[in-house]
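Fold and contact review
One letter stands for each residue in the lines below.
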Amino acid sequence: MQHFRQMISMTRQNKEYIFKLVKLDWWQPGTEHRRTSTMRSLLAKLPGSRCFLLPFTLILGMQAQQAFRTQPRNVTVQAGTQAQLKCQVLRATGPVQWVKDGLLLGPQRSLPGFPRYRVIGDKRKGEYHLLIEDVALEDDALYECQAGQSDSSSAIISQTAWLNVQIPPLKPYIELESNEPWVAGKEYTVMCTASDAKPAAEITLFKGGIQLLDLDSVTMSGSEEQLMNTQAEVRVKAESADHGGELVCKARNSALTTAMIDTKVMTVYFPPQAPVIEGLDITPVKAGDILKLSCLSHGGNPLASLYWTKNGELLSSSWEEDVVQRRSRSLLFLELTAEDNQAILHCESLNQVSQTPLFISHMLTVFFEPVKVNLLGTFEAVEGQTVAFCCHTSSSNPPVEIRWWLGFRELNTTLLSKAKGENGGMTTMSNLTHTVSREENGLLLSCEAFNKGTQFSSSTSKILHVFYPPHRVWLHAPPEDVTLKSGHPVHLTCFSTGGNPTGQLTWFKNGRVIQGSSKQVSLKRGVSLELRFILQPSDNLAIYRCDVTNLSKKLLSAKTRLKVQFASIHVEIQVKPKVLRRGKTVSLDCLCGSSNPKANASWSVGFDRLAGVEMASRPAEYGGVSFRSNLSLTLTSQHHQQRVTCKAFSKLLSEAVSSSYTLNVLFPPEFSSEQPKEVKAVENDEVSLPLMVSANPTEMTCDWIFHGKKLDKETEWRYCWDDGFVLKIRNVTRNDAGVYNVECANEEGHSHTSTILNISYAPTFRMKPDVVFVDIGGTVDLLCEVEANPVISGMFSWKWLGNGEIDVESQHEDDTTGWLTLFQVTRAHTGTYQCTVDNDIPPAAAAEVQLVVRFKPQLKKGPQWSKVASRADGVSTVDIACQAEGVPKVDFSWAKNKMPMDFANPRYMENTVRVGVVHTSTLSIENVSATLDYAVFTCTASNSLGEDSLDIQLLNTNHPESPSDLRLLHVSNYSVTLEWKPGFDGGLTQKFRIRYLWKGFSSYHYVDVFPPKATFYTVTGLLPATTYNFSVNAVNNMGESSYADGNTALTVTTRGKDPAVDLHPPGDSNLTQESFGVWHYLSMVTVGVVILFTVICLSCVMLVRWRKDQKQTDVTGSVLKGSKTDTEGSLNVPERYINTELMSTATSATASTIETNSTVYESYAGENGHYYSTIEESQPTFYTHMEGAEHHGPFGHDYEEVTNEEMQLNLQNFLPISHHSHPPLAADPCRGNQQQSFEVYGKDIEDVDYAWRNNGPFIAPTSPTMSSQLLFELGGELV
């Protein structure tokens, strides 16, 4: 609070913000996150807020809200067992106690008053688990875990958990309706009850080992609260097989592992089996025989009673019982007679539970002879007729066989049938079907009945008479293909020969007998009949037929058809409707009567001949045809009083029949076709609107209407009209433009027409366009709607007002609406478009429309976005940024290791900033910890169109990742421009370095990119027509990366020189390529001597300093050299460079070095200097030269291979002895005020940059396992 007061006194000029801070509810529980966010936003507005933001954060972070880590859950246990409800509280500061059904059990862990209850668990871990011993029914309740309110936290209550106590049921018992034995086939109620269970018991019933289904179970309250009784009831049908079996009831619930059982034995009465008869195997039997029969019935409880009957009459009621074999037996002696044939012999068995007697029946069969034989049928037949005869015998057993004779010939086309007769015998019937012929006339037909078994035979006979028809019939008549005409005479003659007896002739016309014909004439071998008459129209297509018949009743016929031509009978016009009005359609039907041949119909209206629609012809009177012709007219005033004529004309007969009808058309007022539809005028002129109208009747009234209002010259002085209804308007304006309607009426109705008054004026916008939204990839129409007159084609034009080029060619217009269609809309289409309208009447109108393209969020991705590095020292703050573009508004969500972020944690804060379509969400993490915060954070950006996500890894600071996608942008004679994509910078500022090599040289040239963060660079001073191999890597304070694209070199050949141009490179026109190489060689020798001298001097200085440091510390340390391979990507102890450096003026102090056969560089020692140095010495800046061979001594190496592997391994055991700052080295007069560079090899040492800055001594650990015991913060590495 003292710091807070000091900050308030320091910022009195910001009274408004300070007052808001003081007014906050500081200690209100549950507002920590909101309170922190509010204070941060207020403090950010205060001057110098960065200075006292941390104290405020510390003040707010003092409170720690209690929270449940584990909450109790529902538990189900059996009575007498043990139950445990779990509860674990994080940061428990208030008293923790359990609640049972709203009753507090107390904060003590022993819980006095509840001897079976106690609280268990590790209190230091916040465990307050409730343990209940020997669980009873009274423990079945609802439980809650509560943490009481404290000074730093509000009270919390867990979710409610139910302890469900289960109790097994008592032994079930079975109840029956009565104690009487059951009767098979009847249904009985079986009830089983299981009492006092929780949960309610489930009951299953079995009969004879088979489970009974469809139980009707009822649950009711038990003897105590929460205990339940279950009563199951089922209807059982008793069966004979159930006798002696058991009924079983099983009851169980979830508290039982084995069901409880009750049983009962069943006693069942059941009827006996059906009886059987023995002694009927003697066949055949005849009257007088004596049968000995036995009736047996098995089973039954009790045994059966037996009875004999014949045809329903009782023969015997005595029987005997066999208890051992469980059967009853009855004997019967029967003497057979003829009446016993087909008699029913019946034996019944029953006992006291039989609902109906069981019986067996047998029908007796007795043989006997027939009494008589009868012959039936028609014995007069026509030749060719199939005649049926029947021979029938009386009852006999067995039935007799029948044979047929015609003359001396046996007939076999018979059908034999047998039927029941008297005394149970059978009658025999033989049906004969025979087709007679004239040769069989007078023969004797005989029927013979015989029985081979009884040697019985009898027969009867009758004479057969056969009739046959005339032999032939024919006509003498005109041929059918000859056409006759009505009124001409004609005669027809019919002849017939043969037949027995002679035939009778009859004439028919169309199936009707013709009366009044001449008499029949007998001839030598037949007869004839003549018919004379005058042709009439009814004879057309009439059929004249002559029939001949006799007693044979066979009809012979001969016929002819006459063809007669005649004119149409009549013509009639029918009109619908009867009252005719203008605009209606009148239908005129011309009905043409029967004619042969068919006539043709024609129509005329006045002097105009019209074509009607002829309907399909149909047969009509006297064999002719009739048809209908239809004429449809839409009536106009011109049809009034005109005559409509229909004429039916027969071309063959040269005859015509016609009918006429006069039209009487009524019509309302009608406007002339010359009535003008549009009248043009200019504002402020006088205009006349003419009216040309006629009507029938002529009396009518006419009114002018504009905009739905009737015009009145009495109220508007600018309107006037004469008796001809011509409207005149004075001083017309734009508002007078439009449609003028005129309505005229008479007795028949009213009509109206309209005249458009067109006033010309410049365009004005009717609806100004606004903002238009469209989804990306879609199609959008930008509309522009105006009022203008005239509306001309091409008066709409569109223009893009934004930067770049947009295709606005797809322009359309429809009347007063124009629109621009944009297809496959991209984000580049977002902006302002201008619609201009010009109808050649100035001034033109213009409006702007804003197009907004909606698209789903698109997160920025790449190495610099997917990784963030920070030290895990417990005090650092890191910001993880996630930036997305999207429309509409983008919402962000964060997850850590796939789990949603808990922003109630004061260490985590999220802030979203929106600038246009760019949305940036920043996740701030305070007091970064490797254990808690080195993880993968997932940022998800979403809006209504979709979502995008990015995994961002938070890790320790490290060397940078290698660049990628190295490519050529431009090449010239003396320069090459390269471009690449940067990799992750390792959490520190990274710079880039280019190396290149050309044919004929074994050493690389190195160029530092300037500006340091640039991702493209132009390498100059190259030779023309020369092939170079280029590579690029990244460097930061913790080391350098491998070269781009997996150490793959980019091969580029510079352009050849123009022959007309000097062959020497710019700036040194007097040097040839050979002299240029010599100059480099001399420079290398000179500079090498200088470097050697400088190295010796610096070695001495470093040795003196090292000895001084040894005296100031009690523990000695050493720094050993190391190396890095191409795959590790981190630099170890720096190498000593004997070559020189060049500060190029062309590249603004870009350093360049040459290294012999090397792919590894030393790291920068600081952010501001561009130099190379070793641990022992620092070097001044020299001019560029080619690097010569260097001997590194016993501890040196040639970069690619470490010469002392033991030194590399032992280097991992060195740690900084202290994190306190040490005095910097004295300024070196050779290189100016530069810091000394240190690098430490080993992935177990994290804070390398910290060690470099402090130049602190190193001490070897006393235990070889100390590296494995390092904190995670010191053991982090780039993942």
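Remember, predicted model here, so these are calculated numbers, not experimental data. (Residues numbered from 1 in each chain as written. Predicted model: local features only at pLDDT ≥ 70, side-chain atom pairs only at ≥ 80, totals over all residues. Heavy atoms only, no water.)

All right, on to the sheet that holds strand β85 (residues 946–955) then. The sheet built from five strands is open, its strands ordered β78-β85-β84-β80-β81 with mixed pairing. Each of the sheet's edge strands pairs with one partner strand only, and the pair in question is β78 (867–869) and β81 (899–900). Across eight bridges, the pairing between strand β84 (residues 936–943) and β85 is antiparallel. By the bridge assignment for β85, Thr-940 is matched with Ser-949. (Pairing = 2+ DSSP bridges. Helix = DSSP H or I, 4+ residues; strand = E, 2+ residues; numbered from the N terminus.)

Here we take up the environment of Phe-671. Tracing the backbone shows Phe-671 in strand β60 (residues 665–671). By relative accessible area, which is 17% here, Phe-671 ends up buried. Through-space distance from the C-alpha of Phe-671 to that of Thr-753 is 7.4 Å; in sequence the pair is 82 residues apart. The residues contacting Phe-671, other than those within four sequence positions of it, are Leu-691, Met-692, Val-693, Val-742, Cys-744, Ser-751, His-752 and Thr-753. (Buried < 20%, exposed > 50% of the residue type's maximum accessible area, 1.4 Å probe, protein only. Contact = heavy atoms within 4.5 Å.)

Turning our eyes to something else, we now look at the state of the cysteines. Applying the stated criterion to the full structure yields nine disulfides. There is a disulfide in this structure between Cys-391 and Cys-447, and the S-S distance comes to 1.6 Å. The sign of the S-S torsion, about -80 degrees, decides the handedness of the disulfide formed by Cys-391 and Cys-447: left-handed. Taken together, the positions of Cys-391 in strand β32 (residues 386–393) and Cys-447 in strand β37 (residues 444–451) put the pair 56 residues apart, joining distant regions of the chain. For Cys-391, a relative accessible area of 0% gives the class buried. For Cys-447, a relative accessible area of 0% puts it in the buried group. Here Cys-784 is linked by a disulfide to Cys-835, with a sulfur-sulfur distance of 2.3 Å. On the S-S bond that ties Cys-784 to Cys-835, the torsion sits near -95 degrees, and the link is left-handed. In this pair, Cys-784 sits in strand β72 (residues 780–789) while Cys-835 sits in strand β76 (residues 831–837), placing the two residues 51 residues apart along the sequence. (Disulfide = S-S within 2.5 Å.)

Glancing now at the packing of aromatic side chains. This model, assessed by the stated rule, comprises 16 aromatic pairs. On the basis of an interplanar angle of 65 degrees and a centroid distance of 6.0 Å, the ring pair of Tyr-996 and Tyr-1028 is categorised as edge-to-face. Here Tyr-1028 lies in strand β91 (residues 1027–1036) and Tyr-996 lies in strand β88 (residues 991–998), a separation of 32 residues in the sequence. Looking at Tyr-1028, the relative accessible area reads 2%, which means it is buried. With a centroid separation of 5.5 Å and an interplanar angle of 35 degrees, the aromatic rings of Tyr-996 and Phe-1030 are classed as tilted. Of the two residues, Tyr-996 is situated in strand β88 and Phe-1030 in strand β91; the sequence distance between them amounts to 34 residues. Phe-1030 matches Tyr-996 in its accessibility class, with the two residues each being buried. Aromatic ring contacts, followed pair by pair, group Tyr-996, Trp-998, Phe-1001, Tyr-1028 and Phe-1030 into a single cluster. For the cation-ring pair, Arg-472 lies above Trp-474, with the distance from its terminal atom to the ring centre recorded as 4.2 Å. (Phe/Tyr/Trp six-rings, centres within 6.5 Å; stacked < 30°, edge-to-face > 60°. Lys NZ or Arg CZ within 6 Å of the ring centre and 35° of its normal.)

Attention shifts here to the pattern of salt bridges. Counted according to the given criterion, the structure contains 37 salt bridges. Arg-907 is the salt-bridge partner of Asp-933, the closest N and O atoms lying 2.2 Å from each other. With a gap of 26 residues between them, Asp-933 in helix α6 (residues 930–933) and Arg-907 in the loop between β81 and β82 (908–915) connect regions that are remote in the sequence. In this structure, Asp-933 and Arg-907 share a single accessibility class: buried. (Salt bridge = Lys/Arg side-chain N within 4 Å of Asp/Glu carboxyl O.)

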